[in-house]
Amino acid sequence: MKLKGQHLLSVKDISLDLINELFIVADSMRPYATRQKVTRVLEGAVLGNMFFEPSTRTRVSFGCAFNLLGGEVRETTGLSNSALAKGESLYDTAQVLSGYSDIIAMRHPEAESVAEFALGSRVPVINGGDGPNEHPTQALLDLFTIQNELTSQGKTIQQLSLTLLGDLKHGRTVHSLCQLLALYNGLKIQLISPAELAMPTRYVDLLINAGHQVEIGTTLEQGLPQANIIYQTRIQEERFSSQEEANLYRGYFRLNKQIYAEHCQSNAVIMHPLPRDSRNEANELDNDLNAEPGLAIFRQTDNGILVRMALFACILGVEDQVTKHERNVNWYVGLNN
Ligand code: CP
């Protein structure tokens, strides 16, 4: 596959053909992700999992995905725990870490920092989020989830009516997702945010130029009724110049059972890249939705493992050898089955 030996720094590097091939590989990873089988196809390989900005699911799922393919993981977390805090450059850090790893996943708070790091790396680098810029693996797992959710309703991606909701100005996951959606045409996309947190014009133009029907609004009523997929986002407080400014928007759009019942289609799917802000003053996705079949947020995080396993297998060129290195598990397999 075209991904072999390549960096994944931006969704701009991704074509529709590549997505389709990658998602076939991701689907094939299900037996390993759900512990029905074990594969050791990456035995001896090392992932450098470098997270210089907070993360739970991206960092841990990169590590799990690599382990599930039989590889080992070395991690560093937080800028202050690394030599970057002593003034070491991203280039030098990359030269060093790529001597210890076969592939590197990295998150950093500054836009374009992962691309700068990749210039110094001797092994493939995957962008796990660079400031407000991009989050390509999240966009891939979001698109994989959108396709799976629509398929389970007997629909195709061409029937997508997607509402992106919340902080569309700072949310890197929605920026990356819009770029992937621009590979399709004729979709319905609603962009709903406070006016000050609107989707940057370049992404709106990209969607319009791709031939999508794009509506922009500032109220839930404008975005919810026509959507078959609702993608809620967090107010990205870490990207605001002050906490006071972020507080103005906290809790601006709240989804809960009552609003879902009143305004949404009966089988509408709710997604969120997570973390959801569950503090009282925000509560953007209420716990009273947890039992709704349409709430796909944990199917989404499970899909993250499949997509990241597929990326590792394809970038390291072993996607055709996974089954050759498999065996049955010999322990009790519980919740995942
Ligand atoms: N969705 C996402 O990037 O989550 P984390 O910040 O926990 O990695």
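Preceding this section is the structure that the text describes.
Only a predicted model underlies this, so the values are computations on that prediction, with no experimental measurement involved.

Caption draft 1: Quick peek at empty space enclosed by the protein. Applying the stated criterion to the full structure yields one cavity of 30 Å³ or more. One number sums up the size of the largest cavity: a volume of about 70 Å³. As for the largest cavity, its lining consists of G166, Q232, T233, I235, Y249, R250, G251, Y252, F253, D277, A282 and E284. Here the residues of the lining of the largest cavity are counted per class, giving five nonpolar, four polar and three charged.

Caption draft 2: Geometry of the pattern of salt bridges. A full pass over the atoms with the stated rule returns 14 salt bridges. With a shortest N-O distance of 3.1 Å, E53 and R172 are connected by a salt bridge. Of the two residues, E53 sits in the loop between β2 (46-51) and α3 (57-68) while R172 sits in helix α7 (residues 172-181), which places them 119 residues apart along the sequence. Comparing E53 with R172 shows no difference in burial state: the two are buried. Salt bridges sharing common partners tie together E237, R250, D277 and R279.

Caption draft 3: Looking closely at the packing of aromatic side chains. Enumeration according to the criterion identifies seven aromatic pairs in this entry. Seen in terms of ring centroids, F23 and F144 are 5.1 Å apart; in terms of plane orientation they differ by 80°. Their pairing is edge-to-face. On the criterion of sequence distance, the pair formed by F23 in helix α1 (residues 16-28) and F144 in helix α6 (residues 136-152) is long-range, its members being 121 residues apart. There is no split in this pair, since F23 and F144 are both buried. On the basis of an interplanar angle of 45° and a centroid distance of 6.3 Å, the ring pair of Y249 and Y252 is categorised as tilted. In textbook terms, an aromatic cluster arises when at least three aromatic residues are bridged by ring pairs, as seen for F51, F62, F66 and F312. The ring of F62 has R308 lying over it, and the distance from NZ or CZ to the ring centre is 4.9 Å.

Caption draft 4: Structural detail: the site of the ligand. If you check the shell around the ligand, you find S55, T56, R57, T58, R107, H135, Q138, P273 and L274 and nothing else. Side-chain polar atom of Q138 to a nitrogen atom of the ligand: 3.0 Å apart, as the coordinates give it. The contact in question runs from a nitrogen atom of the ligand to an N or O atom on the backbone of L274, over 2.9 Å. Expressed as a share of its isolated accessible area of 250 Å², the protein-covered part of the ligand is 91%. Using a 2 Å cut-off from the grid points, one finds that the ligand occupies the second largest pocket. Each of domain 1 (11-134 + 302-328) and domain 2 (136-298) contributes no fewer than three residues to the shell around the ligand.

Caption draft 5: Structural context of the nonpolar core. Within the largest apolar cluster, 68 residues are counted, with the highest numbers of intra-cluster contacts made by L140, L164 and F312. Sort the elements by how many residues they give to this core and helix α12 (residues 297-315) lands first, with 10 residues. For this core, the two domains that each supply at least three residues are domain 1 (11-134 + 302-328) and domain 2 (136-298). Membership of the second largest hydrophobic core comes to 18 residues, among which are L165, L224, L255 and L274.

Caption draft 6: Geometry of α3. Taking 1.5 Å per residue as the helical rise, α3 with its 12 residues ought to reach 16 Å, and the 15 Å between its terminal C-alpha atoms agrees with that figure. Among the residues making up α3, those that are buried are T58, R59, S61, F62, G63, A65, F66 and L68.

Caption draft 7: Highlighting the sheet that holds strand β3 (residues 72-77). Taken in spatial order, the four strands make up an open sheet running β3-β2-β4-β5, and their pairing is parallel. The open sheet terminates on both sides in strands that have one partner only, identified here as β3 and β5 (125-130). Going from strand to strand, the sheet's axes swing by 10° on average, the running direction of each strand aside.

Caption draft 8: Here's a closer look at the packing of α7 against helix α8 (residues 201-209). Direction vectors running N to C along α7 and α8 enclose 20°, while the axes themselves pass 9 Å from each other. When the axis of α7 is compared with that of α8, the two are roughly parallel. Crossing of α7 over α8 shows left-handed handedness. Contact residues: H175, C178, Q179 and L181 in α7; Y203, L206 and L207 in α8. Its residues placed into classes, the contact of α7 with α8 shows five nonpolar, two polar and no charged.

Caption draft 9: Highlighting the layout of surface pockets. In this model, the largest pocket occupies a volume close to 570 Å³. Residue lining of the largest pocket: 29 residues in total, with T301, D302, N303, G304 and I305 positioned closest to the centre. Elements with a minimum of two residues in the lining of the largest pocket: α2 (30-33), α3, α6 and α12. Looking at the lining of the largest pocket element by element, the count peaks at 10 residues for α12. Looking at the lining of the largest pocket residue by residue, the class counts come to nine nonpolar, 13 polar and seven charged.

Caption draft 10: Region of interest: the sheet that holds strand β8 (residues 213-217). Read across the open sheet, the five strands follow the order β8-β7-β6-β9-β10; overall the sheet is parallel. Two strands close off the open sheet at either side, each with one partner strand: β8 and β10 (269-271). Across the sheet, the axes of successive neighbouring strands diverge by a mean angle of 15°, strand direction being ignored. Taken together, the five bridges between strand β6 (residues 161-165) and strand β7 (residues 188-192) define a ladder with parallel strand orientation. Bridging from a neighbouring strand, T163 pairs with Q190 of β7.

Analysis parameters
Residues numbered from 1 in each chain as written. Predicted model: local features only at pLDDT ≥ 70, side-chain atom pairs only at ≥ 80, totals over all residues. Heavy atoms only, no water. 1 Å grid on protein atoms, 1.4 Å probe; cavity = no way out; pocket = protein on both sides within 12 Å on 5 of 7 lines; lining within 4 Å. Points joined across faces, edges and corners; volume = space filled by probe spheres on them. Nonpolar A, V, L, I, M, F, W, Y, C, P; charged D, E, K, R; others polar. Salt bridge = Lys/Arg side-chain N within 4 Å of Asp/Glu carboxyl O. Helix = DSSP H or I, 4+ residues; strand = E, 2+ residues; numbered from the N terminus. Buried < 20%, exposed > 50% of the residue type's maximum accessible area, 1.4 Å probe, protein only. Phe/Tyr/Trp six-rings, centres within 6.5 Å; stacked < 30°, edge-to-face > 60°. Lys NZ or Arg CZ within 6 Å of the ring centre and 35° of its normal. Near = heavy atom within 4 Å. Polar contact = N/O pair within 3.5 Å; in protein donor to acceptor, adjacent residues only side chain to side chain. Areas by Shrake-Rupley, 256 points an atom, 1.4 Å probe, with all protein chains shown as cover. Sits in = over half its atoms within 2 Å of the grid points. Domains from an automatic or database assignment. Core = buried A, V, L, I, M, F, W, Y, C linked by side-chain atoms within 4.5 Å. Expected span 1.5 Å × (residues − 1). Pairing = 2+ DSSP bridges. Axes fitted to C-alpha atoms, helices over the stretch in contact; angles between N-to-C directions. Parallel < 35°, antiparallel > 145°, perpendicular 65-115°, else oblique. Left-handed = near helix turned anticlockwise from the far one by under 90°. Contact = heavy atoms within 4.5 Å.

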